[in-house]
Each structure stands twice: as structure tokens, then as C-alpha cells.
Amino acid sequence: VCGCNPPCSVCGDGEEVDFPDALVEFPGQPPIECGVLQSLGFIGSIPAGQCDRLPDLIDEFCGCDPRTPDPTLNPTRPPTPEPTRQPTPSPTNPPCDICGEDMSMSFGIPDGIVEFPGQPAITCEQLQAEGDAGFITTGQCDRLPAIVNRVCGCN
């Protein structure tokens, strides 16, 4: 370990080892870490003739091939915010008495089930609440008494 040789890159062409803690063995020599071998080369402790042959001998263990750099990611746009939705307007229908005008809450069977094609079944009490809240149009309201009278027990 004289330091009397020119500096040597054990991986060749100024490359450095990728795995400095990996061990490499040469016949008749104790195992040596790749990083230590590299340091010995940099301080001139490896004869030039031996240094020239090292890249082919240690590449498999020390990783002398240039590492492939991590890919450069394409720039990403910030997410486009969802458009602000306008609030659902409140119903604009007048209150509806399902048993007919001025008969609000005059049904005798609040748990009676009313069924309309294409709609889920609803109790008379729930249907009246929908009517009170203005969710039933005037045209539908006008036809309801004839449909619900018997089921809801309108008085």
C-alpha cells in the first residue's frame, strides 16, 4: 500500500462503484469491500496494470455499470377543480292536501301504502309530508284525492 501509483478508477473511466459495501474476492486474497478497493485505487495503491483489468472483474459485484438515472416525470397539471354547483332550489309548488283541498291531515289511515307506477311505495303520512313541503305539483295534487281516498281513509 505505497500510494506510489497514479490514481486509478477501479470501475474505469472515472466511474464509481454502485455498491461500496459489497464484497469482492480475488484468488489468494482476503475478501475486500468494493468501497475500500475504490479508495485504494484513488490513493494510488493499485498498480496501473492491475487497475486496467479490474472493471471487468468487479463489475458484477461492485456495480460499475453507470446506473440508469431515475426517469424524469412529466410535469403534472394541478387538478381542475369541480365547478361549483348551484344549490338545488327549494320546491316552488304550493302545499298539497292529498285528501283534497282543506282536508290536510284528515286521513284516517296514516300507515296506508300508496303505490304509483315507477315510484317506490310510500305511506299516506309520508305522501302528505311531501305535499306539505311542496314536492307535489298542482296538477298531480288535483288528481291525488281520487287515487288515495280509499287507501288513506280520507274523511
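Provided above is the structure to which this section pertains.
The text that follows walks through the structure, step by step, so that each part is easy to find. This is a predicted model, so every value here is computed, not measured.

### Points about helix α4 (residues 138–152)
Helix length check: α4, at 15 residues, gives a terminal C-alpha distance of 20 Å against a target of 21 Å (1.5 Å per residue), a fit within 8%. Approximately 45° is the largest bend angle found in α4, and it occurs at Leu144, with the proline Pro145 only one to four residues beyond. Three or more residues of α4 are buried, namely Cys141, Leu144, Val148 and Cys152. In this structure, the buried side of α4 is in contact with β3 (113–114) and α3 (124–132). At the C-terminal side of α4, Gly153 shows a positive phi close to 65°.

### Overview of the nonpolar core
Counting 15 residues, the largest nonpolar core has Val10, Val24, Phe26, Leu37 and Ile58 as its most contacted members. Among the secondary structure elements, those contributing two or more residues to this core are α1 (34–42) and α2 (48–62). By residue number, the principal contributor to this core is α2, which donates four residues. Apart from residues lying up to four places away in sequence, Val24 is in contact with Pro31, Ile32, Cys34, Leu37, Ile58, Phe61 and Cys62.

Analysis parameters
Residues numbered from 1 in each chain as written. Predicted model: local features only at pLDDT ≥ 70, side-chain atom pairs only at ≥ 80, totals over all residues. Heavy atoms only, no water. Helix = DSSP H or I, 4+ residues; strand = E, 2+ residues; numbered from the N terminus. Expected span 1.5 Å × (residues − 1). Bend = angle between axes of the 7 residues up to and from the residue. Buried < 20%, exposed > 50% of the residue type's maximum accessible area, 1.4 Å probe, protein only. Contact = heavy atoms within 4.5 Å. Core = buried A, V, L, I, M, F, W, Y, C linked by side-chain atoms within 4.5 Å.

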